[in-house]
Amino acid sequence: MNDITTSERLCTKEEAIYLNYRFSDIVNIVGVGRVSSSIAHALFGKVEFGYVISRDIEKAKKLSKEINAVPKTYDDEFLLNGTVLLGLNDSTLPRAEELLSGKIGDITALHFSGFLTSDIFPSDWSPASMHPNCAVSSEWQDFKDIIFGIEGTKKGTEIAKDLITLLGGTFVEISKEEKPLYHLAAVIVSNFSVALSYLSSSIYKDIGFSDEQARRIISTLLKSVSENIYEKQLFDALTGPVKRCDWEVVEKEAQIFKSKYPEYGNLYWMLVDILRKLV
């Protein structure tokens, strides 16, 4: 985190008040998902909302009631102006121009995809992307101190920076060319850790732990690892037999892993080899 300096900014109380005063765009939500809903909830009281548009009118009505907006479906009559936050999934985002055909005025369009760039939108939308580096598992995610990866047009990125500051987050600017690599890095740590937790959980449960106990142990372990990574270099954050060069234990546990998960027999040694390089 300390390495991100030139493009990162924290939201101070004074900045939030100033931005709240000068952020005059109406904010519209297109696509009601966990990320768009969370961002809408976090911005409530700091911006003025216009429309919430969803394929499902009930979803649009629910979020609209919570943020004081007007619910619509794609088939209704409306005209979007101001800032448009598109919470569509990656397979639907490229169809946004088609979905909103004839209903676009003067807008700045922002999406939240970590993989797709802002180029999927027309240039006259002043597009940008703002991807939060956190696991959004509910519609009430807090974005305080979360780092967003942003890219796009000058106007779009300026709007993104303003919104992120209002959210209490920080940002780092990335290039369009490097965005797939940026997203891969996030997937490795956020998604693959869940896959490894699944393997760990099955072992805990096999030896008599409840599902709740297993998840609690894994969560506590991951939290301590996360704190170590934040506070120290990766080498110093590492613990366990590889760090201690206790190769007898490493070898014996490799045999246990292979007997438990024969279909993933090479996975154990692949991960050990990565840790060896770190050590």
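Residues numbered from 1 in each chain as written. Predicted model: local features only at pLDDT ≥ 70, side-chain atom pairs only at ≥ 80, totals over all residues. Heavy atoms only, no water.

### Here's the deal with the overall build of the protein chain
Heads up, the rule is: Strands here are runs of E lasting at least two residues and helices are runs of H or I lasting at least four, both read from the DSSP assignment and numbered beginning at the N terminus. Between buried and exposed lies partly exposed: a residue is buried under 20% and exposed over 50% of the maximum accessible area for its type, with that area taken using a 1.4 Å probe on protein chains only. Areas reported as accessible are Shrake-Rupley estimates using a 1.4 Å probe. Residue values count occlusion only from the protein chains shown. This count recognises Lys and Arg as positive and Asp and Glu as negative, with His and chain-terminal groups excluded. Charged groups are reduced to one reference atom each: NZ for lysine, CZ for arginine, CG for aspartic acid, CD for glutamic acid.
The secondary structure content of the protein chain amounts to 12 helices and eight strands. Out of the 279 residues belonging to the protein chain, those deemed buried represent 40%. On the protein chain, roughly 16,300 Å² of surface is accessible, and the fraction owed to carbon and sulfur atoms is 54%. Charged side chains in the protein chain number 31 positive and 39 negative. The centres of these two groups are separated by 4 Å.

### As for the pairing of strand E4 (residues 80–86)
Put simply, the test is: Two strands pair under a simple rule: DSSP has to find at least two bridges between them.
Within E4, six of the seven residues are buried, leaving the element largely enclosed by the surrounding structure. Pairing analysis gives four bridges linking strand E1 (residues 26–30) to E4, with the strands arranged parallel. What sits directly across from Val 27, in E4, is Thr 83.

### Looking at the sheet that holds strand E8 (residues 170–173)
Pairing between the strands of a sheet is mediated by backbone hydrogen bonds and can be parallel or antiparallel. As a reminder, the rule being used: Orientation is described by lines fitted to C-alpha atoms, with helices fitted over the stretch in contact, and by angles between N-to-C directions that extend from 0 to 180 degrees. Residue contacts are counted whenever heavy atoms from the two residues lie within 4.5 Å of one another.
Pairing is mixed in the open sheet, where eight strands are placed in the order E3-E2-E1-E4-E5-E6-E7-E8. Looking along the sheet, the strands with just one partner apiece sit at the ends: strand E3 (70–72) and E8. Shown here is a sheet whose adjacent strand axes are inclined to one another by a mean of 30 degrees, direction ignored. Contacts from helix H6 (residues 179–190) reach strand E5 (104–111), strand E6 (128–132) and strand E7 (147–152), with the element oriented near 15 degrees to E6.

### What about the nonpolar core?
The test is simple: Throughout, nonpolar core names a set of buried Ala, Val, Leu, Ile, Met, Phe, Trp, Tyr and Cys residues whose side chains join them through atoms within 4.5 Å.
By size, the foremost hydrophobic cluster in this structure holds 30 residues, and its most contacted members are Ile 29, Ile 39, Leu 43, Phe 49, Leu 85, Met 130 and Phe 148. Mapped by element, the contributors of at least two residues to this core are E1, helix H2 (34–43), strand E2 (48–53), helix H3 (57–67), E6, E7 and helix H5 (154–167). The element contributing the most residues to this core is H5, with six residues. What Leu 43 contacts, discounting residues up to four positions off in sequence, is Phe 49, Leu 85, Leu 163, Leu 166 and Leu 167.

### Brief notes about the pattern of salt bridges
In a structure, side chains of opposite charge can pair up when their charged atoms sit close to one another. Selection criterion: Here a salt bridge means any side-chain nitrogen of Lys or Arg lying within 4 Å of a carboxyl oxygen belonging to Asp or Glu.
For the structure shown, the criterion picks out 13 salt bridges. With a closest N to O distance of 3.8 Å, Arg 95 and Glu 98 form a salt bridge. Residue classification places Arg 95 among the partly exposed positions, given a relative accessible area of 35%. Here Glu 98 falls in the exposed class, since its relative accessible area comes to 55%. For Glu 173, the salt bridge identified is with Lys 161, shortest N-O distance 3.0 Å.

### Focus: H3
Defined as follows: Summarising the geometry, the arc corresponds to the directions from the helix axis toward the C-beta atoms. Side-chain atoms alone can form a polar contact between residues adjacent in sequence; in general such a contact is a pair of N or O atoms within 3.5 Å, and within protein one must be able to donate a hydrogen while the other accepts it.
Turning to H3, its buried residues number three or more, namely Ala 60, Leu 63, Ser 64 and Ile 67. All buried residues of H3 fall inside an arc of 105 degrees around its axis, so they share one side. Across H3 from its buried face, at more than 90 degrees, point the exposed residues Glu 58 and Lys 65. Residues of H3 that are buried sit in contact with E1, H2, E2 and E3. For H3, the side-chain oxygen to backbone nitrogen distance between the N-cap and Glu 58 is 2.9 Å, and the N-cap itself is Asp 56. Immediately downstream of H3, the backbone of Asn 68 shows phi near 60 degrees, a positive value.

### Here's the deal with unusual backbone geometry
A positive phi angle, near 60 degrees, is found at Asn 68, a position not held by glycine. For Cys 245, which is not glycine, the phi dihedral falls at a positive 60 degrees. Relative to the helices and strands, Cys 245 is located in the loop between helix H10 (241–244) and helix H11 (247–260).

### Digging into the side chain of Ser 197
Position of Ser 197 among the secondary structure elements: in helix H7 (residues 192–206). Not counting the four nearest positions on each side in its chain, Ser 197 is found in contact with Ile 218 and Leu 222.

### Some thoughts on a nonpolar patch on the surface
Note the cut-off: Residues enter a patch when their relative accessible area is above 30% and they make no salt bridge; the linking distance is 9 Å between like charges and 5 Å between nonpolar side chains (Val, Leu, Ile, Met, Phe, Trp, Tyr).
On the surface, a cluster of nonpolar side chains totalling about 470 Å² of accessible area is made up of Val 225, Ile 229, Leu 234, Phe 235, Leu 278 and Val 279. If you list the elements that add at least two residues to the nonpolar patch, you get helix H8 (211–231) and helix H9 (234–237). For Ile 229, the position within the fold is in helix H8. Residue Ile 229 is classed as partly exposed on the basis of its relative accessible area, which comes to 43%.

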